[in-house]
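# Descriptive structure summary
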Amino acid sequence: MALAMALWSAISAVTFALAFALKAFDYRSFFKHLLGPGWIAFEAAYLLTVIVMLAVFGASASAIGVAIFAWPPIAGSLLLGAAIMLFAAFGAAAIERLFKYVSLLLYGVYALFVVFSLTSFGDLIVANFHVAPPPTGGWPIGGVTYAGYNIIGAVIVLPVLRHLTRPRDAVVAGALAGPLAMLPAAMFFTCMVAFYPGIARETLPSDFLLRHLDRPAFHLLFQVMIFAALLESGAGSVHAINERVSAAMKAGYGRELPTLARAGLSGLILVLCIFIADRIGLVGLIANGYRLLAYAFLLIYVAPVLVIGLARLRGLATRPGRMRGDHAGAGPLPPAL
């Protein structure tokens with residue numbers, strides 16, 4: 001977890017700094033600068049990732065609906081898809097508000113989760129931390145792989161970077177991304193240790209722990225938070241595709257993607273993903289899809305951004321005005337958030 005966190009921070013800092021310097025706030029523009037004609041390889045991998053990721057989210061929403069409300073399996077997936085389409089249709093402003101409020105909900109609920117877990121089975125957590133075997137030799141590969149298939153988040157949030165006003169903001173934001181992203185995972189892992197290793201076989205470990213807490217109101221709040229987090233990530237990934245299409249339309253036709261077209265494109269993506277989720281299931285999707293995608297992103301995103309991206313940043317830093325964003329074609333700096 002510490003290795004993945006460090007990689008997230010390093011990769012995010014370089015990505016954000018380069019995107020700010022180039023004013024490349026959608027993934028197509030960013031990777032055309034980074035990879036040249038090879039940018040299409042990233043787009044192919046990204047679209048596959050979105051399909052797998054949204055399918056996993058749909059399966060998770062389905063499992064939440066079944067476990068909490070006894071809904072038919074497809075109901076939770078459809079509800080999530082409709083909510084994602086709604087937020088993605090209204091563009092950046094709606095997505096940014098969603099990010100803000102869901103993040104506050106997420107951190108608050110996880111803090112309560114840790115407090116309740118420590119008071120309910122803290123003795124088991126302490127005992128299992130003492131008796132746990134040392135990490136195996138494969139943990140570095142696990143950390144790198146985990147970082148690889150989650151670092152896509154740094155690309156998903158590129159449209160939000162237009163609010164940055166100076167290069168230092170980009171670097172600080174990237175450095176903070178790793179710890180902030182890993183904090184909920186570290187808190188959840190601490191709670192899981194109480195029932196390790198058996199809990200690793202559970203499809204929804206959170207539901208397993210919540211049943212042991214026996215707090216019905218908090219159980220419902222936690223699952224609402226999970227659903228909101230799925231909505232946040234899903235809407236962000238679909239919004240990134242909408243922004244990529246909108247930027248291409250603006251460059252080619254002088255107009256951006258309208259709201260109705262955003263909704264239609266989002267709906268098309270979501271129907272495909274929800275169908276996959278309903279037919280395959282959560283665990284199989286993760287096991288069969290994510291690892292290969294992690295290796296792809298390490299090859300076409302992580303390695304290039306840490307080598308080519310750093311070299312580009314050094315080159316821009318030596319040229320007056322370039323890192324301030326006033327190079328040819330960049331336009332004026334965006335207003336502060």
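In this report, the structure presented in the accompanying data block is examined. Everything numeric here is computed off the predicted structure, so don't read it as measured data.

Scoring rules and cut-offs
Residues numbered from 1 in each chain as written. Predicted model: local features only at pLDDT ≥ 70, side-chain atom pairs only at ≥ 80, totals over all residues. Heavy atoms only, no water. Helix = DSSP H or I, 4+ residues; strand = E, 2+ residues; numbered from the N terminus. Buried < 20%, exposed > 50% of the residue type's maximum accessible area, 1.4 Å probe, protein only. Contact = heavy atoms within 4.5 Å. Areas by Shrake-Rupley, 256 points an atom, 1.4 Å probe, with all protein chains shown as cover. Salt bridge = Lys/Arg side-chain N within 4 Å of Asp/Glu carboxyl O. Expected span 1.5 Å × (residues − 1). Bend = angle between axes of the 7 residues up to and from the residue. Axes fitted to C-alpha atoms, helices over the stretch in contact; angles between N-to-C directions. Parallel < 35°, antiparallel > 145°, perpendicular 65-115°, else oblique. Left-handed = near helix turned anticlockwise from the far one by under 90°. Nonpolar A, V, L, I, M, F, W, Y, C, P; charged D, E, K, R; others polar. Core = buried A, V, L, I, M, F, W, Y, C linked by side-chain atoms within 4.5 Å. Patch = residues over 30% accessible without salt bridge, like charges linked within 9 Å, V, L, I, M, F, W, Y side chains within 5 Å. Phe/Tyr/Trp six-rings, centres within 6.5 Å; stacked < 30°, edge-to-face > 60°. Arc of directions from axis to C-beta. Polar contact = N/O pair within 3.5 Å; in protein donor to acceptor, adjacent residues only side chain to side chain.

## Comments concerning the overall build of the chain
What the chain contains, in helices and strands, is twelve helices and zero strands. Reading the helices (α) and strands (β) of the chain from amino to carboxyl end gives α-α-α-α-α-α-α-α-α-α-α-α. Looking at the chain residue by residue over its 337 residues, the buried ones come to 48%. Intrachain contacts of the chain at a sequence separation of at least 6 include 79% that bridge at least 24 residues. Per element, the accessible surface of the chain, about 16100 Å² overall, is 71% carbon and sulfur.

## Let's talk about the pattern of salt bridges
With the rule as written, the count across this model stands at six salt bridges. Lys-250 is the partner of Glu-256 in a salt bridge, and the nearest nitrogen-oxygen pair spans 3.6 Å. Lys-250 gets classed as partly exposed once you look at its relative accessible area, which sits at 48%.

## With respect to the side chain of Thr-145
Tracing the backbone through its elements, the reader meets Thr-145 in helix H6 (residues 139–150). Filtering out sequence-adjacent residues up to four positions away, Thr-145 remains in contact with Arg-291, Ala-294 and Tyr-295.

## Looking at helix H5 (residues 91–131)
Its 41 residues place the ends of H5 only 50 Å apart at the C-alpha level, less than the 60 Å of an ideal helix rising 1.5 Å per residue. The largest bend in H5 amounts to roughly 90° and is located at Phe-121.

## Considerations on the environment of Pro-72
Among the secondary structure elements, Pro-72 is positioned in the loop between helix H3 (39–69) and helix H4 (73–89). Residues Pro-72 and Ser-62 lie ten residues apart in sequence; the distance between their C-alpha atoms is 8.0 Å.

## So, the packing of H5 against helix H8 (residues 167–192)
Interaxial distance between H5 and H8 falls to 7 Å at its minimum, and their mutual angle equals 40°. Judged by the angle between their axes, H5 and H8 are oblique. Where H5 crosses over H8, the two elements pack in a sense that is left-handed. Counted together, Leu-106, Tyr-107, Tyr-110, Ala-111, Phe-113, Val-114, Ser-117, Phe-121, Ile-125 and Phe-129 of H5 and Leu-180, Ala-181, Leu-183, Pro-184, Met-187, Phe-188, Phe-189, Thr-190 and Cys-191 of H8 form the full contact between these two elements. For the contact of H5 with H8, the residue count by class is 17 nonpolar, two polar and no charged.

## What to know about the nonpolar core
For soluble globular proteins, the rule of thumb is that nonpolar side chains tend to be buried together. Judged by nonpolar contacts, the single largest core of 91 residues is most densely connected at Phe-30, Phe-42, Phe-113, Leu-209 and Tyr-301. The element that contributes the greatest number of residues to this core is helix H10 (residues 216–253), accounting for 13 residues. The contact partners of Tyr-301, leaving out residues within four places of it in the chain, are Ile-11, Thr-15, Phe-30, Phe-31, Phe-42, Ile-151, Ala-154 and Val-155.

## Describing a nonpolar patch on the surface
Among the surface-exposed residues, Phe-69, Trp-71, Leu-79, Leu-220 and Val-224 lie close enough to one another that they form a single nonpolar patch of about 430 Å² accessible area. Locating Leu-220 in the fold gives a position in helix H10. Judged by its relative accessible area of 38%, Leu-220 falls in the partly exposed class.

## Concerning the packing of aromatic side chains
Counted according to the given criterion, the structure contains 21 aromatic pairs. Between the aromatic rings of Phe-31 and Phe-42, the centroid separation amounts to 3.7 Å while the plane-to-plane angle is 10°, which identifies the pairing as stacked. Here Phe-42 lies in helix H3 and Phe-31 lies in helix H2 (residues 27–35), a separation of eleven residues in the sequence. Here Phe-31 falls in the buried class, since its relative accessible area comes to 0%. Residue class for Phe-42 comes out buried when judged on its relative accessible area of 0%. Here Phe-195 and Phe-208 contribute two aromatic rings whose centre-to-centre distance is 5.4 Å and whose plane-to-plane angle is 85°, an arrangement assigned as edge-to-face. Taken together, the residues span a long stretch of sequence, with Phe-195 in the loop between H8 and helix H9 (205–213) and Phe-208 in helix H9 at a distance of 13 residues.

## Observations concerning unusual backbone geometry
Most peptide bonds take the trans form, and the phi angle of most residues other than glycine is negative. With an omega dihedral of 5°, the bond running from Tyr-196 to Pro-197 counts as a cis peptide bond. With respect to the element layout, Pro-197 can be found in the loop between H8 and H9. Phi is positive for Ala-70, close to 60°, though the residue is something other than glycine. Mapped onto the elements, Ala-70 comes out in the loop between H3 and H4. Phi is positive for Asp-214, which is not a glycine, with a value near 55°.

## Side note on H2
Buried residues of H2: Tyr-27, Phe-30, Phe-31 and Leu-34, and no others. Looking down the long axis of H2, one finds its buried residues gathered within 85° of arc, a one-sided arrangement. Here H2 starts with a cap whose side-chain oxygen sits 3.1 Å from the backbone nitrogen of Arg-28, and that cap is Asp-26. Gly-36 sits one or two residues past H2 and shows a positive phi near 65°.

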